[in-house]
Amino acid sequence: MSLAPRPYQIEIDRCIEAGWEEASKQLVVAATGTGKTRVFCWLAERRAKQGIRTLILADQDELVWNPIEKLAELGVKAEAEKAEHNASLDALVVVGSVQTMMRERRLSRWPKDHFGLVIADEADKSLANSWQTVLRYFDGEANVCGFTATPNRSDKKNLGSYYERIAFESTLFDFIGNGKWAYDETNDPAVAEQWRKAGFDVEVVA
């Protein structure tokens, strides 16, 4: 699939960058399959070109590799910090699993001012103690941007207790049918199946 951004991705990116004047912790809410990973990879790519380091936090080990692959397509070498993988302190982008980063011996090797931006993937989980251990360690110096498709937590905790501003908020219906940001294709067969079960006609593209 083309790396060219869709109009709503351009808008998400614009809203985030404009929002740093108001808040150092921002949240993006957009449906599954809308390319949130692409957006935060573009944020990381832009900062890498400026020599600013980015940490991308993932909740699951398998989610570590996806942004690394997408950043490679953009010409940015990202390194993993998880289990047996130790990222270099020289890496401009580090993708780490929360389970690894929260451990004191792994976290303490990173200076608190090492990163200029921290991305929280699946940010609905970022109020958990494990996430807060890592986020609070860096957020005195770094901007934080969380991305989620499901902002409503099962434990009813409010993400607004951590994030200071919603940069962009949307629902599934904004991206389909006559929605504001509607489109009808995805490169993820699982997402296409999910949308078809909801009654929408979605084409899978390579």
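Reading guide: rules and limits
Residues numbered from 1 in each chain as written. Predicted model: local features only at pLDDT ≥ 70, side-chain atom pairs only at ≥ 80, totals over all residues. Heavy atoms only, no water. Helix = DSSP H or I, 4+ residues; strand = E, 2+ residues; numbered from the N terminus. Buried < 20%, exposed > 50% of the residue type's maximum accessible area, 1.4 Å probe, protein only. Polar contact = N/O pair within 3.5 Å; in protein donor to acceptor, adjacent residues only side chain to side chain. Core = buried A, V, L, I, M, F, W, Y, C linked by side-chain atoms within 4.5 Å. Pairing = 2+ DSSP bridges. Axes fitted to C-alpha atoms, helices over the stretch in contact; angles between N-to-C directions. Parallel < 35°, antiparallel > 145°, perpendicular 65-115°, else oblique. Left-handed = near helix turned anticlockwise from the far one by under 90°. Contact = heavy atoms within 4.5 Å. Nonpolar A, V, L, I, M, F, W, Y, C, P; charged D, E, K, R; others polar.

Trainee: Quick rundown of the side chain of glutamine 9? Include the residues and the values.
Mentor: Inspection of the secondary structure assignment puts glutamine 9 in helix α1 (residues 7-19). Residue glutamine 9 is classed as buried on the basis of its relative accessible area, which comes to 5%. A polar side-chain atom of glutamine 9 sits 3.3 Å from the main-chain carbonyl oxygen of glycine 35.

Trainee: Explain the nonpolar core to me, using residue names and the numbers behind them.
Mentor: Proteins that are soluble and globular tend to have nonpolar side chains buried together. Residues Ile16, Val28, Leu71, Val93, Ile119 and Phe147 are the most contacted members of the largest nonpolar core, which totals 31 residues. Among the nonpolar cores identified, the runner-up in size contains 26 residues, and Val29, Met101, Leu135 and Tyr163 belong to it.

Trainee: Run through the pairing of strand β4 (residues 93-97), naming residues and quoting values.
Mentor: Of all 5 residues that make up β4, 5 are buried, and the element is covered over most of its length. By the alternation rule, side chains of β4 split into Val93, Val95 and Ser97 and Val94 and Gly96, which are all buried. For strand β3 (residues 78-81) and β4, the ladder comprises 4 bridges, and the chain directions are parallel. Across the sheet, the residue bridging to glutamate 81 is glycine 96, located in β4.

Trainee: Lay out the packing of α1 against helix α2 (residues 36-49) in plain terms, naming residues and giving numbers.
Mentor: Where α1 meets α2, the axes come as close as 10 Å, and the angle between the chain directions of the two elements is 50°. By the angle class used here, α1 and α2 are oblique. The handedness of the crossing between α1 and α2 comes out as right-handed. Here Gln9, Ile12, Asp13, Ile16 and Glu17 of α1 lie close against α2, whose contacting residues are Arg38, Val39, Trp42, Leu43, Arg46 and Arg47. A class-by-class count of the residues in the contact of α1 with α2 yields 5 nonpolar, 1 polar and 5 charged.

Trainee: Lay out the pairing of strand β1 (residues 25-29) in plain terms, naming residues and giving numbers.
Mentor: By the criterion of burial, β1 is predominantly enclosed, with 5 of the 5 residues buried. Side chains Lys25, Leu27 and Val29 of β1 all project onto a buried face; the interleaved residues Gln26 and Val28 project onto the opposite face, where all are buried too. As paired strands, β1 and strand β6 (residues 143-148) are joined by 5 bridges and run parallel to one another. Bridge pairing in β6 links leucine 27 to glycine 146. As paired strands, β1 and strand β7 (residues 165-169) are joined by 4 bridges and run parallel to one another. Paired with glutamine 26 across the strands is arginine 165, a residue of β7.

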